[in-house]
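# Descriptive analysis of the structure
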Amino acid sequence: MKALVSFFNRIMQRYLPDPFLFVIILTFAVFGLGLIFTDNGPYQMVQHWGNGFWGLLTFSMQMVLVLVTGHVLASSTIFKKGLGALASLAKSPGQAIIIVSFVSMIASLINWGFGLVIGALFAKELAKKVKNVDYRLLIASAYSGFVVWHGGISGSIPLTIATPGHFSEDMIGVISTDQTIFAGYNIFIVVALLLVLPFVNRFMMPSKEETIVVDPVILQDDIQAAALEKEAMTPAERLENSRLISLLAGILGLVFLFYYFATKGFNLNLDIVNFLFLFLGILFHGTPKQFLEAVLNAVKGASGIIIQFPFYAGIMGMMTASGLAAVMSEAFVSISNDYTFHFFTFLSAGLVNFFVPSGGGQWAVQAPIMLEAAQSMGASIPKTAMAVAWGDAWTNLIQPFWALPALAIAGLKAKDIMGFCVLTLLVSGAIISIGFLFF
């Protein structure tokens, strides 16, 4: 396994470009595929690209806030002590890899945004505590936990079809989560991944000669507030250094969260996760000045999300409006039978996800095709939906789109972790396939 990992790492280090160049190359690839496999001309493909270019603005801002608020929260003294205490459980590099993989998966099952940030933050704390642990593998292990998110309680596809009024209700009705998230095949996949992936990551540990460690000093991001005598402060400076203002703002946020959870239950979504991180950050940093300094420090890592997500939105525009995503899906349906249908649905979703990295967006594209095919074959509709969901989650492992927040927190490049993620992709793909073929 170590030889295989070393091979994948060399390939990724040599040939995987920067994520911005990757999305540019992907843009031209989809443009060319659209010309070849659909009846769209060059001018039409450009129109689809431009019309979709700003389609992810809301989501882009949410992802920036995931990164910034998570980073701000992690830089607070209270939160660092908590993560540090948890990190102290690991006494060796192998234990660190196993623990970060497991914690990341559990967090991702609760909420994908929560898992994405917590995994990377926890990995950084482990790197400070555990000597001789490979930092690249530590971050890759944290990111690998993200693969389970669509099988958890925040999975967008199973939650969509469980909500009255969803766009395919006329075709399939409302499907409760006991047929999707809590179904036997899904529980098998989740449990198998929870048991297997941490040890797969552990066995990928490179030899001592190839291990890349990071100086814990580099990972420190303490926010040092300038000490001022109260007598020398201006009225404005007194407000900036007021603990009362931060306390009142924090309490305001916590009261709303209490109301939200009391009325809606434990229904985490990206906005609520960001809201929670933001107001805990305000509280934990003590003063507005320290909080804003933490924000300034955190924003530096958000450039990749800001500049790259519009290009992914343009790719999604070409994929959906040209019909290319439908062509890909129909190709897999054409080679399926009633036994292999869910397996090929999973594979097709994994391929489409590489170009349309959005669970909700992908479901909108693939649902009409896959659901109609499932009905004609007499295949399970809930299982079909989950096959699309797992395909969407699966290839995220080698899709820089989702890795950007974790990479920004870690201070790494995509090529640093993708060699490890390739092997995780192969193992998790085998487990998920077994779930759809035999359960």
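These figures come from a predicted structure and were not determined experimentally. (Residues numbered from 1 in each chain as written. Predicted model: local features only at pLDDT ≥ 70, side-chain atom pairs only at ≥ 80, totals over all residues. Heavy atoms only, no water.)

### What to know about the overall build of the protein chain
Under the convention used in this document: Strands are runs of DSSP state E lasting at least two residues, helices are runs of H or I lasting at least four, and both sets are numbered from the N terminus onward. In this description the radius of gyration comes from C-alpha coordinates, and the expected globular size is given by 2.2 Å times residues to the power 0.38. Burial classes: relative accessible area under 20% of the type maximum marks a residue as buried, over 50% as exposed, and values in between as partly exposed (1.4 Å probe, protein chains only). Contact definition: two residues touch when any of their heavy atoms are within 4.5 Å. What sets the accessible areas is the Shrake-Rupley method with a 1.4 Å probe; for residues, cover comes only from the shown protein chains. Just so you know, the count uses Lys and Arg for positive and Asp and Glu for negative, and it drops His and the chain ends. By convention, the charge on Lys lies at NZ, on Arg at CZ, on Asp at CG and on Glu at CD.
A tally of regular secondary structure across the protein chain gives 22 helices and zero strands. What you see for the protein chain is a C-alpha radius of gyration of 23 Å, in line with the 22 Å of a compact globule of 439 residues. Relative to its full complement of 439 residues, the protein chain shows a buried share of 56%. The long-range fraction of contacts in the protein chain, counting pairs at least 24 apart against all pairs at least 6 apart in sequence, stands at 80%. Looking at the protein chain as shown, the accessible area adds up to about 18800 Å², and 68% of this sits on carbon and sulfur atoms. Computing the positive centroid from 22 side-chain charges and the negative centroid from 23, the protein chain places the two 13 Å apart.

### Some remarks on the pattern of salt bridges
Condition: In the sections that follow, a salt bridge refers to a side-chain nitrogen of Lys or Arg positioned within 4 Å of a carboxyl oxygen of Asp or Glu.
Tallied over the full model, the rule gives three salt bridges. The closest approach of N and O atoms between Asp 134 and Arg 136, which form a salt bridge, is 2.8 Å. Arg 136 sits in the buried class, given a relative accessible area of 11%.

### With respect to helix H21 (residues 400-410)
Burial within H21 is extensive, with ten of its eleven residues counted as buried. The complete set of buried residues in H21 reads Pro 400, Phe 401, Trp 402, Ala 403, Leu 404, Pro 405, Ala 406, Leu 407, Ile 409 and Ala 410. On its buried face, H21 sits against helix H2 (19-37), helix H4 (57-74), helix H7 (112-129), helix H8 (135-144), helix H16 (303-321) and helix H22 (414-438). Directly beyond the C-terminal end of H21, a positive phi value near 75° is found at Gly 411.

### What about the packing of helix H13 (residues 243-264) against helix H14 (residues 270-285)?
What counts, and what does not: For helices, the axis comes from a line fit to the C-alpha atoms of the stretch in contact; other axes are also lines fit to C-alpha atoms, and the angle between any two N-to-C directions lies between 0 and 180 degrees. Throughout, the term roughly parallel applies to angles under 35 degrees, roughly antiparallel to angles over 145, roughly perpendicular to angles from 65 to 115, and oblique to all others. Should the near helix be turned counterclockwise from the far one by less than a right angle, the crossing is left-handed, whereas a clockwise turn marks it as right-handed. Residue classes follow a fixed rule: Ala, Val, Leu, Ile, Met, Phe, Trp, Tyr, Cys and Pro count as nonpolar, while Asp, Glu, Lys and Arg count as charged, and any other residue, Gly among them, counts as polar.
Direction vectors running N to C along H13 and H14 enclose 150°, while the axes themselves pass 8 Å from each other. Taken together, the axes of H13 and H14 are roughly antiparallel relative to one another. Crossing geometry of H13 relative to H14 is assigned as left-handed. Only Ile 272, Phe 275, Leu 276, Phe 279, Leu 280, Ile 282 and Leu 283 of H14 make contact with H13, whose side of the interface consists of Ser 246, Leu 247, Ala 249, Gly 250, Gly 253, Leu 254, Phe 256, Leu 257, Tyr 260 and Phe 261. In terms of residue class, the contact of H13 with H14 is built from 14 nonpolar, three polar and no charged.

### Concerning the nonpolar core
The cut-off we apply is this: Only buried Ala, Val, Leu, Ile, Met, Phe, Trp, Tyr and Cys residues count toward a nonpolar core, and they belong to the same one when joined by side-chain atoms within 4.5 Å.
With 102 residues, the main nonpolar core has Phe 59, Met 63, Trp 112, Leu 126, Leu 138, Met 319 and Phe 355 as its most contacted residues. With ten residues, H7 is the single largest residue contributor to this core. With sequence-adjacent residues up to four places away left out, Met 63 is seen in contact with Trp 112, Leu 116, Leu 270, Ile 305, Phe 309, Trp 402 and Pro 405.

### Here we look at the packing of H4 against H7
In the contact formed by H4 and H7, the axes pass within 10 Å of each other and the chain directions differ by 35°. Relative to H7, the crossing made by H4 is right-handed. Each of Phe 59, Met 63, Val 66, Gly 70, His 71 and Ala 74 in H4 lies in contact with H7, whose residues at this interface are Trp 112, Gly 113, Leu 116, Val 117, Leu 121 and Lys 124. Among the residues forming the contact of H4 with H7, the class breakdown is eight nonpolar, three polar and one charged.

### Some points on the side chain of Asn 353
As a reminder, the rule being used: A 3.5 Å cut-off defines polar contacts: any pair of N or O atoms within that distance qualifies, except that in protein one atom must be a possible hydrogen donor and the other a possible acceptor, and neighbouring residues in sequence count only when both atoms are side-chain atoms.
Inspection of the secondary structure puts Asn 353 in helix H18 (residues 341-355). Exposure remark for Asn 353: the relative accessible area of 0% places this residue in the buried category. Only 3.1 Å separates the side chain of Asn 353 from the side chain of Asn 396, close enough to count as a polar contact. Dropping the residues within four chain positions of it, Asn 353 is found in contact with Ser 358, Gln 362, Gly 391, Asp 392, Thr 395, Asn 396 and Gln 399.

### Structural notes on the packing of aromatic side chains
Each aromatic ring pair is specified by the distance between its two centres and by the angle formed by the two planes. The cut-off we apply is this: Here a pair means two rings of Phe, Tyr or Trp (six-membered ring of Trp) with centres within 6.5 Å. Their orientation is stacked below 30 degrees between planes, edge-to-face above 60, and tilted elsewhere. Placement of a charge over a ring requires the Lys NZ or Arg CZ to be within 6 Å of the ring centre, with the centre-to-atom vector within 35 degrees of the ring normal.
A complete count under the given rule lists 31 aromatic pairs for this structure. Arranged with centres 6.2 Å apart and planes meeting at 10°, the rings of Phe 59 and Phe 401 form a pair that is stacked. Taken together, the residues span a long stretch of sequence, with Phe 59 in helix H4 and Phe 401 in helix H21 at a distance of 342 residues. Phe 401 carries the same exposure label as Phe 59, and that label is buried. With centroids separated by 5.7 Å and ring planes inclined at 45°, the aromatic side chains of Phe 146 and Trp 402 adopt a geometry described as tilted. Of this pair, Phe 146 sits in the loop between H8 and helix H9 (156-161) while Trp 402 sits in helix H21, and the two are 256 residues apart along the sequence. Given a relative accessible area of 5%, Trp 402 falls into the buried group. By the ring-pair criterion, three or more aromatic residues cluster together here, those being Phe 59, Trp 112, Tyr 143, Phe 146, Trp 149, Phe 309, Tyr 312, Phe 401 and Trp 402. Cation over ring: Lys 383 sits above Tyr 185, and NZ or CZ is 5.5 Å from the ring centre.

### With respect to a nonpolar patch on the surface
Inclusion rule: Exposure above 30% relative accessible area and the absence of a salt bridge qualify a residue for a patch, where like charges join within 9 Å and nonpolar side chains (Val, Leu, Ile, Met, Phe, Trp, Tyr) within 5 Å.
A contiguous nonpolar surface patch, about 650 Å² in accessible area, is contributed by Ile 153, Phe 182, Ile 187, Val 191, Leu 195, Val 196 and Phe 266. Inspection of the secondary structure assignment puts Val 196 in helix H11 (residues 184-203).

### Regarding the environment of Ile 369
Assignment of secondary structure puts Ile 369 in helix H19 (residues 359-377). Using a relative accessible area of 15% as the deciding quantity, one classes Ile 369 as buried. Setting aside its immediate chain neighbours within four residues, Ile 369 contacts Ala 326, Ser 329, Glu 330 and Val 333.

### Observations regarding the side chain of Ser 242
Within the element layout of this structure, Ser 242 appears in the loop between helix H12 (235-240) and H13. For Ser 242, the side chain forms a polar contact with the main-chain nitrogen of Leu 244, separated by 3.3 Å. Excluding residues that lie within four positions of it along the chain, Ser 242 makes contacts with Gly 286, Thr 287 and Pro 288.

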